[in-house]
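# Descriptive structure summary
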2 protein chains.
Amino acid sequence: MRKIESIKSIREYLSVARKADSLIGFVPTMGAIHAGHRSLMRAARADCAEVVVSIFVNPTQFGPSEDFAQYPRPIKADLAACAEEKVDAVFCPSVEEMYACGSATTVQVSGLTEGLCGGHRPGHFDGVTTVVAKLFNIVQPDIAYFGQKDAQQATVIRRMVHDLLWPLKIVVCPTVREPDGLAMSSRNAYLTPHERRQALCLHQSLSEAQAAIEAGHRDTGKLIEHMRERIVSAGPCAIDYIAIVDPDDLTDLRMVEKRCLIALAVRIGSTRLIDNILVDANSSAG
Amino acid sequence: MRKIESIKSIREYLSVARKADSLIGFVPTMGAIHAGHRSLMRAARADCAEVVVSIFVNPTQFGPSEDFAQYPRPIKADLAACAEEKVDAVFCPSVEEMYACGSATTVQVSGLTEGLCGGHRPGHFDGVTTVVAKLFNIVQPDIAYFGQKDAQQATVIRRMVHDLLWPLKIVVCPTVREPDGLAMSSRNAYLTPHERRQALCLHQSLSEAQAAIEAGHRDTGKLIEHMRERIVSAGPCAIDYIAIVDPDDLTDLRMVEKRCLIALAVRIGSTRLIDNILVDANSSAG
């Protein structure tokens, strides 16, 4: 496995694969690799002759009071994990390499970025779309892999690729969970043992909402209210949002009709956790 | 020469050149081809095995009170001009083809887009950068050619490509002028014979400023004032701006020190004309 730090070098490295017409699969990450990232690497490995992972903690997607400085950067363990997943090359540029002359240019997706996390993290998605645009232009992958855990991010990036016509395919892989249901996240490492137990309420509230929909409940206001009660009863926390939205345009639904995305963001202690679940009301037993 | 209207077809067409490792040159235009566009095609023809011209009057770069509807669209003459210049393929998509699902995504370059034309045409450069980003992702050229006549546009696109790391080179070709000095522009066709004569004041004022700099004048305030007098004395008009700026970051200069860009936009009748000249004070006789 190659570890590559410069844009010039990763381009040179990939030019060989491109000339050989090898399918290039790309998994952009911020490192702190967990089983969720690994599932993306495995999907890429199954599809593509060449698998590239990027590890880059992108400063422009963090707000001024967010956790950019403390975000975990266990580069040795990350490289070992990538090697275990038979990744061909890891691109781990410095901030200076990625933003050599500042960042006057931004890519913005309107609409989709306004609600959910976008409403609570101003500028976050502009940072995400801009750095992903840069990474796409560096790696020029045929397929890029993202996790359903970051549902809004996946939807926004899919829209960006569609609107700006990048010649690549986006694959979104299912959320990977701990045995007790907690969604894998690099930020889970911030939780104290007590907070770790409390955090189970996220997935539990999602599962209960799914069960309620499958039992025939359709009023999103009531479903959200039950979720809120479930989460608050688990302990002190701050709920950024609980929302039931159309999975394609992320607009709020009043009534569950067919497919919906139930998404939430909750702060437990100083840790902000997100989770979501896709529910198809048509396939319900109700 | 191939005329291609769909994104799918131009991609299929270009995949052959790409697999053969042919250098792809790209000249994006809004049609109404004149000698300026032809000079870009010739530069591309000299450099590249495959030359693609796009003809697309992009609605998103016109303001609501601007000339999108009346902008000339002489497609037959344009195709003939491209064929004369030995262009390999002309991509002329419909608005629907380019903006299939609206345009939620925009590419924005801050700073460089704020002054000069950007100050008088709000949203114009967002429209330009976004459509050029789309065209770059469709054509995936090795080299793209732009005219110095649209100096701010060339600077903004160069910055966009640099910031977002598109794997291509931007070439900016010199402004082509009529024998009497008027810069070639598709909008010259709007001018009455009287306005056409009056319009010479743009280039004349630029030439006089250049001569003054070469004679040792350095105070941009005075240089601009002389240009303003020259233009106003030619007849009734509305001056959007006359500016002497750094050619790289487009910031106003108080004193001419080395290289500078003198740029102006003037409305004569209902026609908005722009022109500019690059002056190197170091190479002056003064």
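Analysis parameters
- Residues numbered from 1 in each chain as written.
- Chains lettered and ligands numbered in written order.
- Predicted model: local features only at pLDDT ≥ 70, side-chain atom pairs only at ≥ 80, totals over all residues.
- Pairing = 2+ DSSP bridges.
- Helix = DSSP H or I, 4+ residues; strand = E, 2+ residues; numbered from the N terminus.
- Axes fitted to C-alpha atoms, helices over the stretch in contact; angles between N-to-C directions.
- Domains from an automatic or database assignment.
- Contact = placed C-beta atoms within 7 Å.
- Least-squares fit on C-alpha atoms with pLDDT ≥ 70 in both.

All names here are of chain A. Across the sheet, which stays open at both edges, the six strands sit in the order β1-β4-β3-β2-β6-β7 with parallel pairing between neighbours. In this open sheet, the two strands that pair with only one neighbour each are β1 (2–4) and β7 (169–173). Each neighbouring strand pair of the sheet contributes to a mean axis angle of 25 degrees, computed without reference to strand direction. Examined bridge by bridge, strand β3 (residues 50–55) and strand β4 (residues 89–91) share three bridges and lie parallel to one another. Bridge assignment links Val 52 to a residue of β4, and that residue is Ala 89.

Glancing now at the domain arrangement of chain A. Residues and elements named next belong to chain A. Under the domain assignment, chain A is made up of domain 1 (2–173) and domain 2 (186–276). One C-alpha centre belongs to domain 1, the other to domain 2; they are set 26 Å apart. If you look at the interface, domain 1 gives 13 residues, while domain 2 gives twelve residues. At the level of secondary structure, the elements contributing two or more residues to the side of domain 1 that touches domain 2 comprise α5 (116–120) and α7 (151–164). Among the elements that line the side of domain 1 that touches domain 2, the one with the most residues is α5, at four residues.

A few words on the relation of the copies chain B and chain A. Once chain B is rotated about the relating axis by 180 degrees and shifted along it by 0.0 Å, it coincides with chain A to within an RMSD of 0.0 Å. What the superposition gives is, in effect, a two-fold axis relating one chain to the other. Proximity to the rotation axis, assessed at the C-alpha, singles out B:Val107 in chain B; its C-alpha lies 2.2 Å from the axis. Here 100% of the contact residues of chain B are again contact residues in chain A; the copies associate through an equivalent surface.

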